[in-house]
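# Working through the structure, step by step
Residue strings, one per chain:
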Amino acid sequence: PEQLREISASYDLDLSDADVGSFLGLMEGVMVSYDRIDQLVEPAPKVRYPRSGGHRPEPDENPLGAWYHRCSIRGAPEGPLSDKRIAIKDNVCVAGLPMMNGTAVLEGYVPEADATIVTRILDAGGEICGKAVCESLCFSGGSHTSDTGPVLNPHDHSRSAGGSSSGSAALVASGEVEMAIGGDQGGSIRMPAAWCGIYGLKPTHGLVPYTGIFPIELTLDHTGPIAGNVEDTALMLSAIAGDDGLDPR
């Protein structure tokens, strides 16, 4: 009760004893649920494909500013994505690789598990070549807000590559990878794909699992393919789509 009175006072609320008793009654069931959650072991999906930590690219190997981190993670020896080089937008968890989501606030964070779509790409035989720069917290439609610096349009370095999946589109358009993962809440796959002259798809809500990807809002979050042609866009979509056992939404 004393804690509740202190909190209410900080908001200039004057709770009566009856108010305090009522709120405590409402809170009781919620607190029991939190206590139970604290007793559980957080599930950690197994990382199924070996990888090294990779490296931050030097300027001479990153002329567009589109790579955040370089690596080589090879998946299954055969599959529909065999021989495909793939970049992962840096709002997606790849175990053992840093994830910045475009902002220095997160710099130094290293996920311990792969996002569901990462596992599916590797199961399909794809090679993950690194993390592509994205805009700060994925909130920009341009390519100038990431704390790593601007991403340049590969066709004209004086122009924007679009955002927020800026690095993903620039790397595909420049031929460094055949495919990339992008994210889209308000055009963040479609704009950079269009501005870089390639292809991107915002999937139907729920078609592609968002588990293990930095969220903005549940009803707006989509992740999907960016590629140099329609066939590769469809191929990537077929590899990552489907219900998620960890998160059935």
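Residues numbered from 1 in each chain as written. Predicted model: local features only at pLDDT ≥ 70, side-chain atom pairs only at ≥ 80, totals over all residues. Heavy atoms only, no water.

### Notes on the overall build of the protein
The following threshold applies: Each helix corresponds to a stretch of at least 4 residues labelled H or I by DSSP, and each strand to a stretch of at least 2 residues labelled E; elements are numbered beginning at the N terminus. Working definition: with a 1.4 Å probe on protein chains only, accessible area under 20% of the residue-type maximum means buried, over 50% means exposed, and in between means partly exposed.
A tally of regular secondary structure across the protein gives six helices and eight strands. When the helices and strands of the protein are placed in sequence order, the string is α-α-β-β-α-β-β-β-α-β-α-β-β-α. Overall, the C-alpha framework of the protein stretches about 70 × 40 × 35 Å when taken along its three principal axes. Looking at the 249 residues of the protein, the share that counts as buried comes to 46%.

### Points about the packing of aromatic side chains
The test is simple: Note on aromatic contacts: the rings of Phe and Tyr and the six-membered ring of Trp form a pair at centre separations within 6.5 Å, being stacked when their planes are under 30 degrees apart, edge-to-face when over 60 apart, and tilted otherwise. Each ring is checked for a lysine NZ or an arginine CZ that lies within 6 Å of its centre and within 35 degrees of its normal; such an atom marks a charge sitting over the ring.
What the rule picks out here adds up to zero aromatic pairs. One cation-aromatic arrangement involves Arg-70 over Trp-67; the distance from NZ or CZ to the ring centre is 4.1 Å.

### Side note on the packing of helix α3 (residues 116-123) against helix α6 (residues 230-240)
The criterion, for reference: Note on definitions: angles span 0 to 180 degrees between N-to-C directions of axes, and those axes are lines fitted to C-alpha atoms, for helices only across the stretch in contact. Under this scheme an angle from 65 to 115 degrees is roughly perpendicular, one under 35 degrees roughly parallel, and one over 145 degrees roughly antiparallel; angles in between are oblique. Two helices crossing with the near one rotated counterclockwise from the far one by less than a right angle form a left-handed crossing, whereas a clockwise rotation gives a right-handed crossing. We call two residues contacting when some pair of their heavy atoms lies within 4.5 Å. Note on residue categories: nonpolar means Ala, Val, Leu, Ile, Met, Phe, Trp, Tyr, Cys or Pro, charged means Asp, Glu, Lys or Arg, and polar means any other residue, Gly included.
Contact geometry for α3 and α6: axes closest at 8 Å, N-to-C directions at 115 degrees. With respect to α6, the element α3 is oriented roughly perpendicular. Crossing of α3 over α6 shows right-handed handedness. Here Ile-117, Arg-120 and Ile-121 of α3 come into contact with α6, specifically with Met-236, Ala-239 and Ile-240. When grouped by side-chain class, the residues that make up the contact of α3 with α6 number five nonpolar, no polar and one charged.

### Here's the deal with the sheet that holds strand β2 (residues 85-89)
The line we're drawing: Any two strands with at least two DSSP bridges between them are considered paired.
In space, the six strands of this open sheet follow the order β1-β3-β2-β6-β8-β7, with mixed pairing throughout. Whereas interior strands pair on both sides, the edge strands pair on one side only; in this sheet they are β1 (67-74) and β7 (199-200).

### Focus: the side chain of Thr-103
Summarising the element assignment, Thr-103 is placed in the loop between β2 and α3. Judged by its relative accessible area of 7%, Thr-103 is buried. Once residues lying within four places of it in the same chain are set aside, the contact partners of Thr-103 are Ser-136, Leu-137 and Asp-147.

### Description of the pattern of salt bridges
The condition is simple: Salt bridges, as used here, are contacts in which a Lys or Arg side-chain nitrogen is within 4 Å of a carboxyl oxygen on Asp or Glu.
According to the stated counting rule, one finds ten salt bridges in the structure shown. Lys-84 serves as the salt-bridge partner of Asp-232, at 3.2 Å between the closest nitrogen and oxygen. Remark: Lys-84 occurs in the loop between β1 and β2 and Asp-232 occurs in helix α6; sequence separation between them is 148 residues. Like Lys-84, Asp-232 is buried. Across the pair Asp-184 and Arg-190 runs a salt bridge, and its minimum N-O distance is 2.9 Å.

### A word on the nonpolar core
Threshold: Residues enter a nonpolar core if they are buried and are Ala, Val, Leu, Ile, Met, Phe, Trp, Tyr or Cys, with the set joined through side-chain atoms within 4.5 Å.
Among the nonpolar cores identified, the biggest contains 27 residues, and Ile-88 and Ile-121 are the most heavily contacted of them. Elements represented by at least two residues in this core include exactly β1, β2, α3, β6 (179-184) and α6. Setting aside residues up to four positions removed in sequence, Ile-88 forms contacts with Val-94, Val-118, Ile-121, Ile-128, Gly-130, Lys-131, Ala-132 and Ile-181. In terms of nonpolar packing, the next biggest core, distinct from the first, is built from 22 residues, Ala-87, Val-172, Ala-180 and Ala-193 among them.

### Structural notes on the state of the cysteines
The test is simple: We call a pair of cysteine sulfur atoms a disulfide whenever their separation is within 2.5 Å.
In total, this model carries zero disulfides according to the counting rule given. Left unpaired, Cys-129 is separated from the closest cysteine sulfur, that of Cys-71, by 7.2 Å.

### A look at the pairing of β2
Our working rule: The handedness of a crossover follows from its direction of travel: if, with the strands pointing away from the viewer, the path from the first strand over the helix to the second runs clockwise, the crossover is right-handed.
Extensive coverage of β2 is indicated by the burial of four of its five residues. Bridge count for β2 against strand β3 (residues 127-132) is five bridges, and the pairing is parallel. Bridge pairing in β3 links Ala-87 to Gly-130. Taken together, β2, α3 and β3 constitute a β-α-β crossover, and its handedness is right-handed. Bridging between β2 and β6 involves three bridges; their strand directions are parallel. Residue pairing in the sheet places Ala-87 in a bridge with Ala-180 of β6.

Just geometry here; none of it tells us what the structure is for.
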